[in-house]
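# Residue-level structural notes
Given next are the chains, with one letter for each unit.
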Amino acid sequence: MLRKLLGVAVAAAIAISTAPAVAYGDTPDPEEETAIEDPAVSELEDIRQTAAEEGITLEEATALYGWQDDFAAAANQARDSYPDTYAGAVIAEDGRSAWIAFKGEAPAAMADLTRTVPVPVRVIGGRAYSEEELRQTLKTTHYSILDRPDVATSAGEYDIETGVVTIETQPKEPLTDPAAKERFRARLQPVQAANSAVKVEVKVVDQLELVPEAYIRGGGYLDDDDTICTTAFTVKQGSVRGVATAAHCAGSSTVQYLNHGTSSFNTITRQRRHEGGHGDMAWYSRGSYTAARTFYWNHSKTRYVDDTRWSVQGLAVSNFGRSTGYKGSPKVYRINICVDRLCDMVAMDKHYTKGGDSGGPWFRGNTAYGIHMGWTRIGGKKRSVYSEVRYLPQALDISVFER
């Protein structure tokens, strides 16, 4: 991908996208569209946006981020092929290397798989735990603490390098005395994880925050009487088509969908919602509109979806929301975090979004990654969070409608 990105840089400056101009709506049958969009052009546009936001040249941004798509593909293949031993993947903070780890011996096939990535990639064997063991330990511990009557809420994350699961808990009754906080923490300290190599740390905090980003005002793209949100991607369930958004945007059984640059609303009906172990997501019918395989990546600009992937720590992922628009520089801080009743969420390196952005797409190039939820405070700072689209089949029995 990196070589191709360099090859299309000049052409991309002239023509960014030839996808249909409406992401979801009263358009001709999308199967009859003859326009072809080069995935490298979409990826380059995201890198150009990253360069502008970070104040670096396009050449510098391409060197730092142009290879990440190849690495994300390799890491996803490793996770899907070796779910019992895959122990995580990380893109280095300097953007010039990465690693993939495994519990026990690393598969021999990883040498060929990582050779496709044009930067140094270490394949690490000998970890005492898999990422799935960390994920399950986090979810089990988090929910057991959250269900206690003396706990207001909790949040958790894990460190794939150290194997430490950290749970932050807010007591229902405020505690100001350090000794009282320690006694409370001691009561919550869970039993040893099933894998003794996984350590669990519980911390008592004064306040945890999880804030959905749906405005209570009129106007916008996905509206009802109380809420405005953004939609993410067109989805499918067998031959049925619809559109996905955040579950907290789906409080009403019917809402009004509005395409960019139009004033004509389409009434769509809620099909199902999920707020729990796989995040915050919902889907609505297509109403009277034709479902296209495209999504808005910027105001009145569309792309096809060609793939869906698991998020990878350190990966640069783009976002579009009706309030903050198009952003290219967010990077993944942690995957599979838990906050209150929601788990399997992705937290970014900082807070990029605002009210009204809820339900919007997280993507890179033509790859779909997530559905925006809002923000939370975890790891000492406010961070935007989203639900992974790869969990749509488990959560809602649907999948992203791809080209």
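Our subject is the structure listed above.
We now turn to the structure provided with this report.

The rules we used
- Residues numbered from 1 in each chain as written.
- Predicted model: local features only at pLDDT ≥ 70, side-chain atom pairs only at ≥ 80, totals over all residues.
- Heavy atoms only, no water.
- Helix = DSSP H or I, 4+ residues; strand = E, 2+ residues; numbered from the N terminus.
- Buried < 20%, exposed > 50% of the residue type's maximum accessible area, 1.4 Å probe, protein only.
- Contact = heavy atoms within 4.5 Å.
- Areas by Shrake-Rupley, 256 points an atom, 1.4 Å probe, with all protein chains shown as cover.
- Disulfide = S-S within 2.5 Å.
- Pairing = 2+ DSSP bridges.
- Phe/Tyr/Trp six-rings, centres within 6.5 Å; stacked < 30°, edge-to-face > 60°.
- Lys NZ or Arg CZ within 6 Å of the ring centre and 35° of its normal.
- Polar contact = N/O pair within 3.5 Å; in protein donor to acceptor, adjacent residues only side chain to side chain.
- Arc of directions from axis to C-beta.
- Axes fitted to C-alpha atoms, helices over the stretch in contact; angles between N-to-C directions.
- Left-handed = near helix turned anticlockwise from the far one by under 90°.
- Salt bridge = Lys/Arg side-chain N within 4 Å of Asp/Glu carboxyl O.

This paragraph deals with the overall build of the protein chain. For the protein chain, the count of helices and strands is eight helices and 25 strands. The 403 residues of the protein chain split such that 58% are buried. In the protein chain, 68% of the contacts between residues at least 6 apart in sequence involve partners at least 24 apart. Carbon together with sulfur atoms contributes 49% to the accessible area of the protein chain, which is approximately 16,200 Å² in total.

Let's shift gears to the state of the cysteines. Across all of its chains, the model carries two disulfides by this definition. A disulfide bridge connects Cys229 with Cys249, and the sulfur atoms are separated by 2.0 Å. Here the disulfide of Cys229 and Cys249 is left-handed, its torsion about the S-S bond being about -85°. In this pair, Cys229 sits in strand 9 (residues 228–229) while Cys249 sits in the loop between strand 11 (240–245) and strand 12 (254–258), placing the two residues 20 residues apart along the sequence. In this model Cys338 forms its disulfide with Cys343; the gap between the sulfur atoms is 2.0 Å. With the S-S dihedral at roughly 115°, the linkage between Cys338 and Cys343 falls on the right-handed side. Look at Cys338 and you get buried, because its relative accessible area is 0%. Cysteine pairing for the protein chain (bonded cysteines numbered in sequence order): 1-2, 3-4.

Attention now goes to the sheet that holds strand 13 (residues 265–276). Taking strand neighbours across the sheet as the criterion, the eight strands line up as 9-8-12-13-14-11-10-25 in an open arrangement whose pairing is antiparallel. Looking at the sheet topology across the chains shown, the edges are occupied by strand 9 and strand 25 (399–400). Where strand 8 (residues 222–223) and strand 9 come together, two bridges link them in antiparallel fashion. By the bridge assignment for strand 9, Leu222 is matched with Cys229.

Let's shift gears to the packing of aromatic side chains. Inspection of the entire model under this criterion finds 10 aromatic pairs. When the centroid spacing of 6.5 Å and the interplanar angle of 10° are considered together, the rings of Tyr326 and Phe363 count as stacked. Here Phe363 lies in strand 22 (residues 361–364) and Tyr326 lies in strand 19 (residues 325–327), a separation of 37 residues in the sequence. Each of the two residues, Tyr326 as well as Phe363, counts as buried. An aromatic cluster is built from Phe233, Phe295, Trp297, Tyr326 and Phe363, whose rings are joined through pairwise contacts. The residue whose ring lies beneath Arg241 is Phe401, and the NZ or CZ to ring-centre distance is 4.3 Å. When the ring centre of Trp375 is taken as reference, the NZ or CZ atom of Lys382 above it lies at 4.1 Å.

Bringing the side chain of Asn336 into the picture now. Among the secondary structure elements, Asn336 is positioned in strand 20 (residues 332–339). The exposure class assigned to Asn336 is buried, which follows from its relative accessible area of 1%. Within the structure, the side chain of Asn336 is placed 2.8 Å from the side chain of Tyr158, a separation counted as a polar contact. If near-sequence neighbours (up to four positions away) are discounted, Asn336 is found in contact with Arg79, Glu131, Arg135, Leu138, Tyr158, Asp344, Met345 and Tyr391.

The subject of this paragraph is the environment of Thr231. Inspection of the secondary structure puts Thr231 in the loop between strand 9 and strand 10 (234–237). Distance in space between the C-alpha atoms of Thr231 and Ile371 is 8.2 Å, their sequence separation being 140 residues. In contact with Thr231, other than residues within four places in its own chain, are Leu222, Val243, Ala244, Thr245, Tyr257, Gly359, Gly360 and Pro361.

So, on to helix 3 (residues 58–65). When helix 3 is considered as a whole, its buried residues turn out to be Ala61, Thr62, Leu64 and Tyr65. Considered in projection along helix 3, the buried side chains sweep an arc of 170° and stay on one side of the axis.

Attention now goes to the packing of helix 2 (residues 39–54) against helix 3. Following both chains from N to C, one finds helix 2 and helix 3 inclined at 115°, their axes separated by 9 Å at the closest point. Read as a crossing pair, helix 2 and helix 3 show a hand that is right-handed. Contact with helix 2, carried on its side by Glu43, Leu44, Ile47, Arg48, Thr50, Ala51 and Glu54, involves Leu58, Ala61, Thr62 and Tyr65 of helix 3 and no other residues of that element.

A few words now on the sheet that holds strand 2 (residues 98–103). Reading across from one edge, 1-2-3 is the order of the three strands in this open sheet, with mixed pairing throughout. Both outer strands of the open sheet, strand 1 (86–91) and strand 3 (121–127), are each paired with one neighbouring strand and no more. The average angle at which neighbouring strand axes cross in this sheet is 15°, direction not considered. The sheet strands contacting helix 4 (residues 68–81) are strand 1, strand 2 and strand 3, and the helix crosses strand 1 at an angle near 175°.

Another aspect to go through is the pattern of salt bridges. By the definition in use, this model includes 21 salt bridges. Between Glu133 and Lys103 there is a salt bridge; the shortest N-O distance is 3.1 Å. Taken as a pair, Glu133 in helix 6 (residues 131–146) and Lys103 in strand 2 lie far apart in primary sequence, 30 residues in all. Residue classification places Lys103 among the partly exposed residues on the basis of a relative accessible area of 29%. Its salt-bridge partner being Arg185, residue Glu182 comes within 2.8 Å of it at the nearest N-O pair. Linking Glu182 with Arg185, this pair stays in helix 7 (residues 178–188), spanning three residues, or about one helical turn. According to the relative accessible area criterion, Glu182 is partly exposed, its value standing at 40%. Judged by its relative accessible area of 23%, Arg185 falls in the partly exposed class.

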